[in-house]
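# Structural description and commentary
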Amino acid sequence: MTTNSVSQVATKACLRAKNVSVYYGPFLAVRDVSLDIFRNEITALIGPSGCGKSTLLRCFNRTNDLILGARVEGKVTFQGSDLYDEGVDPVYVRRRIGMVFQKPNPFTKSIYENIAFAARINGYKGSIDELVETSLQRAALWDEVKDKLKESGLSLSGGQQQRLCIARAIAIEPEVILMDEPCSALDPISTLQIEELMRELESRYTIVIVTHNMQQASRISDKTAFFNAESTETGNKVGYLVEYGDTEQIFSEPREQATQDYVSGRFG
Amino acid sequence: MTPLSSQSTPLDAGWDIEQKEVLSALGKRKAIDKWFSWLALFAVVFSLFVLVVLLADVIIDGAPVLSWNFFTSFPSRRPADAGIVSALVGTVWVMVLVALFTFPIGVGAGIFLEEFVPDSLIAKAVEINISNLAGVPSIIYGLLGLQVFVRLLFVITQGRSVLSGALTLALLVLPIVIIATRESLRSIPSSLRQAGFALGATRWQVIRSHVFPLALPGILTGVILALSRAIGETAPLITIGALTYIPFLPELSLRGLQSPFTVLPIQIYNWVSRPQTEFHDLAAGAIIVLMVILLMMNATAIYLRNRFQK
């Protein structure tokens, strides 16, 4: 790589992990990951179970802080500034880097309140009614729920709940949305809807998605990072980054044999 | 039962058993089954029987004394004039105060321990000690209350007062409330907390808006059950010296907190220990009143639990 392209990369990179290792108590979970996430792109993290994709994802909005005994080494930067700097408030980080979880987790309140809560706690000054409508529209849910905004978020189907969670996440206009296997609890039709939604959201947000579904990664992502795990002497699994590049390249002409084996379905 | 048609010889010689043997062994196993269910039924019937006899005895003795006079009269040397008004009012006073003390302190401590304290060695030590406190005999709390509230804090409590009694009982039930609060909070799925945090909510915002409202029915149930334990306690109140003859009601003011008091269990204890059988009937009447209050509290707890459980 020439110096020129490196500096170009540096300006475009939105999130940047440099030599990141994550420990849970005494156990190393992810070893020495360096990768750049680019603005307005969808980056997919794929790999077998236990390879540390979700762990790495949680480093990006400091939700690892909430897990007992978790420790992050190395450097994670967001638009050039260190996320783990002492002066950085994790609450503020999470306000700018949103997250959607594997299992839809709407609040046990009305559909309206699910979105209004996010706006209110972050001091939104505009009309909350309008925000609820536009967020639901952008999450492609408005037409299905506009007549029952007062009903509980839990009354929706699984796919609708997940779109509600996405609507809630984009209501506060984060810069990045992290998605931890957002479709793994959904049926194929809902999955398709969410994938279409991600494609539309791409123009406004940077999306990082963890997925077990390789077709999904190849369908929607611009870049793909393949992780693998190896067992240590003590029997723990340590995840590491095998290969990172354009999705097309990863799936059609991977540089590493392990990637080739995984994307062609030979293991994993 | 007729044997089914025999199968082919099994691979393992250990399974080479005559069908007749299998069926007779099965008969024996079923007999044991039946015996056990009879035994269990007997245990249920026996304990219910004891309960019914106790209830019937109390109601037969106590029902005749339940009159308007019984509820509005002060205790008296003449059984015909004696009533429970001071004990009933005392019980209400003490219970309201116990609820006022235990709800904020117990629930606050429970939320703090469950949601805010990192899981350290100290936190575990505190947790174990709270569980132990819930099992300490109530008379020990009485001794503590006597020394601390009656004697050391005399200036505030004026000795053997409503306030001293309520504080002592509050101490007694605090561990129960703390444990119930923690358990209720623990049953709220962590995905809900994560959802809040992912939106940039602080810990307090997540708890206040999402976790606490869901945990509240469980917490309230715990508080009510703790109160229903406190309402029947006699030993600690005798220890701190609650009086048995109170011919007046505490005035409805802050000064009322410092007046001497009696409660239903103590009134019952006092009447039962008298030689005249008329007083025993009065005791039975007071027991009915106490039991009705208790049942109502427990019913409220069950109602709350079912109402909000989804």
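All values derive from a computational prediction rather than experimental measurement.

## As for empty space enclosed by the protein
All names here are of chain B.
- Taken as a whole, this structure holds 3 cavities of 30 Å³ or more when the rule is applied.
- There is about 50 Å³ of room inside the largest cavity.
- Surrounding the largest cavity, Thr91, Val94, Met95, Leu169, Ala230, Ile231, Glu233, Leu237, Val263 and Pro265 form its lining.
- Broken down by secondary-structure element, the contributors of at least two residues to the lining of the largest cavity are α3 (85-116) and α9 (203-231).
- Tallying contributions element by element places α3 first for the lining of the largest cavity, with 3 residues.
- Classifying every residue of the lining of the largest cavity gives 8 nonpolar, 1 polar and 1 charged.

## Observations concerning the domain arrangement of chain B
Residue and element names in this part refer to chain B.
- For chain B, the assigned domains are domain 1 (18-64) and domain 2 (68-308).
- Distance from the C-alpha centre of domain 1 to the C-alpha centre of domain 2: 36 Å.
- Taken together, the contacts link 6 residues of domain 1 with 6 residues of domain 2.
- Both sides of the domain 1 and domain 2 interface together cover about 430 Å² of buried area, and 82% of this is carbon and sulfur.
- Sorting the residues of domain 1 by area buried against domain 2 places Val58, Asp61 and Gly62 first, and these three jointly supply 74% of that buried surface.
- Applying the counting rule to domain 1 against domain 2 returns 0 salt bridges.
- Our count for the contact surface shared by domain 1 and domain 2 stands at 0 residue pairs in polar contact (both at pLDDT 80 or more).

## Looking at the side chain of Asp36 of chain A
- Note on placement: Asp36 of chain A falls in strand β2 (residues 27-38).
- A distance of 2.8 Å separates polar atoms of two side chains, one belonging to Asp36 of chain A and the other to Arg16 of chain A.

## Quick notes on unusual backbone geometry
- For Arg62 of chain A, which is not glycine, the phi dihedral falls at a positive 60°.
- Position of Arg62 of chain A relative to the elements: it lies in the loop between α2 (53-59) and β4 (70-78).

## Considerations on the pattern of salt bridges
- Enumeration over the complete set of coordinates arrives at 21 salt bridges over all chains.
- As a salt-bridge pair, Arg96 of chain A and Glu175 of chain A come within 2.8 Å of each other at their nearest N and O atoms. One end of the pair, Arg96 of chain A, is in helix α3 (residues 90-96); the other, Glu175 of chain A, is in the loop between α7 (158-171) and β7 (176-180), and 79 residues separate them in sequence.
- Owing to a relative accessible area of 21%, Arg96 of chain A belongs among the partly exposed residues under this scheme.
- Shared partners join several salt bridges into a network, and the residues in it are Glu114, Glu127, Arg182 and Arg186 of chain B.

## Focus: the interface of chain A and chain B
- In this assembly, 21 residues from chain A lie in contact with 17 residues from chain B.
- Between chain A and chain B lies a buried interface of about 1,700 Å² when both sides are counted; carbon and sulfur atoms form 70% of it.
- Looking only at chain A, the three residues that lose the most surface to chain B are Phe107, Phe117 and Ile121 of chain A, adding up to 29% of its buried area.
- Counting the contacts that link chain A with chain B gives 0 salt bridges.
- Seen at the junction of chain A and chain B, the total is 3 residue pairs in polar contact (both at pLDDT 80 or more).
- Of all the secondary structure elements, the ones that give two or more residues to the side of chain A that touches chain B are α3, β6 (97-100), α4 (111-121) and α7 of chain A.
- By residue class, the composition of the side of chain A that touches chain B is 13 nonpolar, 4 polar and 4 charged.

## Points about the packing of aromatic side chains
Residue and element names in this part refer to chain A.
- On inspection of all chains with the given rule, the structure shows 6 aromatic pairs over all chains.
- Ring plane angle 75° and centroid distance 5.2 Å describe the contact between Phe107 and Phe117, whose orientation is recorded as edge-to-face. Of this pair, Phe107 sits in the loop between β6 and α4 while Phe117 is found in helix α4, placing the two residues 10 residues apart along the sequence.
- Residue Phe107 is classed as buried on the basis of its relative accessible area, which comes to 0%.

## Section: the environment of Lys75 of chain A
Residue and element names in this part refer to chain A.
- Along the polypeptide, Lys75 turns up in strand β4.
- For the pair Lys75 and Lys18, spaced 57 residues apart in the sequence, the C-alpha separation amounts to 5.0 Å.
- Residues in contact with Lys75, not counting those within four places in the same chain, are Arg16, Ala17, Lys18, Val20 and Asp82.

Cut-offs used in this document
Residues numbered from 1 in each chain as written. Chains lettered and ligands numbered in written order. Predicted model: local features only at pLDDT ≥ 70, side-chain atom pairs only at ≥ 80, totals over all residues. Heavy atoms only, no water. 1 Å grid on protein atoms, 1.4 Å probe; cavity = no way out; pocket = protein on both sides within 12 Å on 5 of 7 lines; lining within 4 Å. Points joined across faces, edges and corners; volume = space filled by probe spheres on them. Helix = DSSP H or I, 4+ residues; strand = E, 2+ residues; numbered from the N terminus. Nonpolar A, V, L, I, M, F, W, Y, C, P; charged D, E, K, R; others polar. Domains from an automatic or database assignment. Contact = heavy atoms within 4.5 Å. Buried area = accessible area lost by both parts, 1.4 Å probe. Salt bridge = Lys/Arg side-chain N within 4 Å of Asp/Glu carboxyl O. Polar contact = N/O pair within 3.5 Å; in protein donor to acceptor, adjacent residues only side chain to side chain. Buried < 20%, exposed > 50% of the residue type's maximum accessible area, 1.4 Å probe, protein only. Phe/Tyr/Trp six-rings, centres within 6.5 Å; stacked < 30°, edge-to-face > 60°.

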